[in-house]
Structures are given as structure tokens and as C-alpha cells.
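The chain contents come next:
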Amino acid sequence: MISIQWLKDYQTLSSNAADLVSDLICSSKNLNLGCPTGNTPIGMYQKLVNRDLDWHKVTTYNLDEYHDLDQAHPGSYRQYMNQHLHKHANVNGSYFPTKSYDVDIANAGGLGLTILGLGHNGHVAFNEPGSEINSLTRIVKLNDETIRRNSESWNYTTLFPTHAVTMGMKTILASKVILLLVAGQSKLEVLKKSIWGPVTGDCPASYLQTHSNVTVFYCE
Ligand code: GLP
């Protein structure tokens, strides 16, 4: 079941998201947290790191990473996470997709909360259109629209990556709770398609309709 909250602005979206994450950290003994990158969650991370939370309870599992990109590269998702969360929060452990990711996550008890962003083409993590509902962690070719949009903020001499490694839909959908963060009018159409349209690989975010506990926060 998907419940959606239409929020008045980005500040509200960020603080509501930080509240949901904080509440879960406080009420859990340990929390395996699926973490997104992109512009949308930055405000949430900023609010979270300014709160007094017991980060030792939290293990982060990132959703995706560019393939064949040095982890020290400033455009990598590792560096993004370092900048926005890990250098401020002493988490129990922080992981990025590997070959054994799905098994490792399952062995760790699965994800308690997974936070997602939404791509303009309906992707979640880097599960691009055409991804299957039971897909696992894998290397994917980024589609042209994703490359065009994500490379707009790529201010480096290194060529923009053509591939990424992403957590698959199966592990995302096995998360106990899912929070989808969507900011910007330009994503409203794809959001409506995702939550009310047919469940189809053409729009991988529509697979969230099959999950029992999804919250969506949207602001213009
Ligand atoms: C990237 C990431 C996604 C993210 C999406 C939306 O492609 N791989 O995980 O959710 O972009 O990003 P933004 O929030 O910047 O629109």
C-alpha cells in the first residue's frame, strides 16, 4: 500500500523525511538503511546529521554506484555519502553494491527502511525501464535520458560513466518500509504513473505498488 503526502515545500519534505528516519532509528535495536543519492535527499541528510541520534545502530547500504569509477572520484556516490552523511555520522558500517550484495543484506536481516529517489524515466536506484520486479544487484547500462540528466551536474574531466551497479528491485521490495522522496513539478507525471498507473517494467517505480508499506513525500 502506498500512502502519499503532498507537502508544501522542500524544507517540509526534508524535515518530514528526517523525522521518519529518526523515529525508526530511535525505535529500532538496529537498523539496516537503504540510502539514496541525487539532489532530493540532500536536505534530509543535512537535517539528520544535526540531530542527536545513535548512529551506531545504523548500517547503511547504498542503492547504487557508478561502475568503473574510482571510489575516490568526487563524482562517485561514495564521496557523496561521505560528504552528506558518513563523515558526520559514526555508522556501524557502510556498504555499496557488490556481487554478493543481496545475500549479504539478507544475511544481515534485510533492509529495515529503504529511502528512494525517483528518476524522470521512472527509475529507482539505477533500475532503468525494462528492469524486472525480481531483479538482483547487477551492472546496468544507463539509458540516454539518465546520462543526459545526471551528466548536467558532472563538472569533471573524467568522462561520465555509461554503466552503474545497482541494487535490484527484489531486495528493494523486500525492505520492511520504503520511503520515496520526490521533489519538483517536472516529476509529477512520472510520480502519478508510478503510484496509479499499471505495474510495469516500463516504469520500475510502479513495482512499489506491490509493497505493503510505502510512504511517498512529494513537494513541487
Ligand atoms: C540518480 C540515482 C537515483 C536517484 C535519481 C534521482 O539517477 N541513481 O538513485 O534517485 O538520480 O535524482 P535526483 O534526486 O537528483 O532527481
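Here goes a summary of the coordinates provided. These figures come from a predicted structure and were not determined experimentally. Sequence order as written defines the numbering, with residues in each chain counted from 1. Totals for whole chains, interfaces and linings use all residues, but because this is a predicted model, local features are given only for residues with pLDDT of at least 70 and pairs of side-chain atoms are given and counted only at 80 or more. For the side-chain quantities, the full set of heavy atoms in the structure was used; hydrogens and water were omitted.

1. Some thoughts on the site of the ligand
Point 1. When at least one non-hydrogen atom of a residue lies within 4 Å of a molecule or strand, that residue is treated as near it. What surrounds the ligand is the set Gly38, Asn39, Thr40, Asp64, Tyr77, Gly117, Leu118, His123, Ala125, Phe126, Asn150 and Lys187.
Point 2. The side chain of Tyr77 places a nitrogen or oxygen atom 3.5 Å from a nitrogen atom of the ligand.
Point 3. One nitrogen or oxygen atom from the side chain of His123 is found 2.9 Å from an oxygen atom belonging to the ligand.
Point 4. Each residue is assigned to one of three groups, with Ala, Val, Leu, Ile, Met, Phe, Trp, Tyr, Cys and Pro labelled nonpolar, Asp, Glu, Lys and Arg labelled charged, and all others, Gly among them, labelled polar. Residues belonging to the shell around the ligand are distributed by class as follows: 4 nonpolar, 6 polar and 2 charged. Polar contacts, as used here, are pairs of N or O atoms within 3.5 Å; protein pairs need one atom able to donate a hydrogen and one able to accept it. Residues neighboring in sequence count only if both atoms are side-chain atoms.

2. Section: the pattern of salt bridges
Point 1. For this analysis, a salt bridge means a side-chain nitrogen from Lys or Arg found within 4 Å of a carboxyl oxygen belonging to Asp or Glu. For the structure on display, the rule yields 5 salt bridges.
Point 2. One salt bridge in this structure joins Arg78 and Glu65, with 3.2 Å as the shortest N-O distance. In this pair, Arg78 sits in helix 3 (residues 77-86) while Glu65 sits in strand 4 (residues 64-66), placing the two residues 13 residues apart along the sequence.
Point 3. Residue burial is assigned from relative accessible area. The probe radius is 1.4 Å, only protein chains are included, and a residue is buried under 20% of its type maximum, exposed over 50%, and partly exposed in between. According to the relative accessible area criterion, Arg78 is partly exposed, its value standing at 24%.
Point 4. Residue class for Glu65 comes out buried when judged on its relative accessible area of 3%.
Point 5. Salt-bridge contacts for Lys192 lead to Glu189; the nearest nitrogen and oxygen are separated by 3.9 Å. Each helix corresponds to a stretch of at least 4 residues labelled H or I by DSSP, and each strand to a stretch of at least 2 residues labelled E; elements are numbered beginning at the N terminus.

3. Overview of the side chain of Lys187
Point 1. Mapped onto the elements, Lys187 comes out in the loop between strand 9 (177-183) and helix 7 (188-196).
Point 2. For the buried residue Lys187, which engages in no salt bridge, the nearest side chain bearing the opposite charge is Glu145, 9.8 Å off.
Point 3. Residues within four places of Lys187 in sequence aside, it is in contact with Thr40, Leu118, His120 and Val182. Counting rule applied: Lys, Arg positive; Asp, Glu negative; His and chain ends not counted. Note on definitions: a residue-residue contact is assigned when non-hydrogen atoms from the two residues lie within 4.5 Å.

4. A few points about the packing of helix 1 (residues 10-27) against helix 2 (residues 42-49)
Point 1. Lines fitted to C-alpha atoms define the axes, with helix axes restricted to the stretch in contact, and inter-axis angles between N-to-C directions lie between 0 and 180 degrees. Contact geometry for helix 1 and helix 2: axes closest at 8 Å, N-to-C directions at 55°. With respect to helix 2, the element helix 1 is oriented oblique. In this structure, the crossing between helix 1 and helix 2 has a hand that is right-handed. Residues Tyr10, Gln11, Ser14, Ser15, Ala17, Ala18, Val21 and Ser22 of helix 1 lie in contact with helix 2, whose contacting residues are Ile42, Gly43, Met44, Lys47 and Leu48.
Point 2. Its residues assigned to classes, the contact of helix 1 with helix 2 comprises 7 nonpolar, 5 polar and 1 charged. The labels follow the angle: roughly parallel below 35 degrees, roughly antiparallel above 145, roughly perpendicular from 65 to 115, and oblique for the rest. Left-handed describes a crossing whose near helix is turned anticlockwise from the far helix through less than a right angle; right-handed describes the clockwise counterpart.

5. Here we look at unusual backbone geometry
Point 1. The backbone of Asp68 sits at a positive phi, close to 60°, despite the residue not being glycine.
Point 2. With respect to the helices and strands, the residue Asp68 is situated in the loop between strand 4 and helix 3.
Point 3. According to the relative accessible area criterion, Asp68 is exposed, its value standing at 73%.
Point 4. For Ala125, which is not glycine, the phi torsion reads 50° and is therefore positive.
Point 5. The residue Ala125 is located in the loop between strand 6 (113-116) and strand 7 (138-141) in this model.

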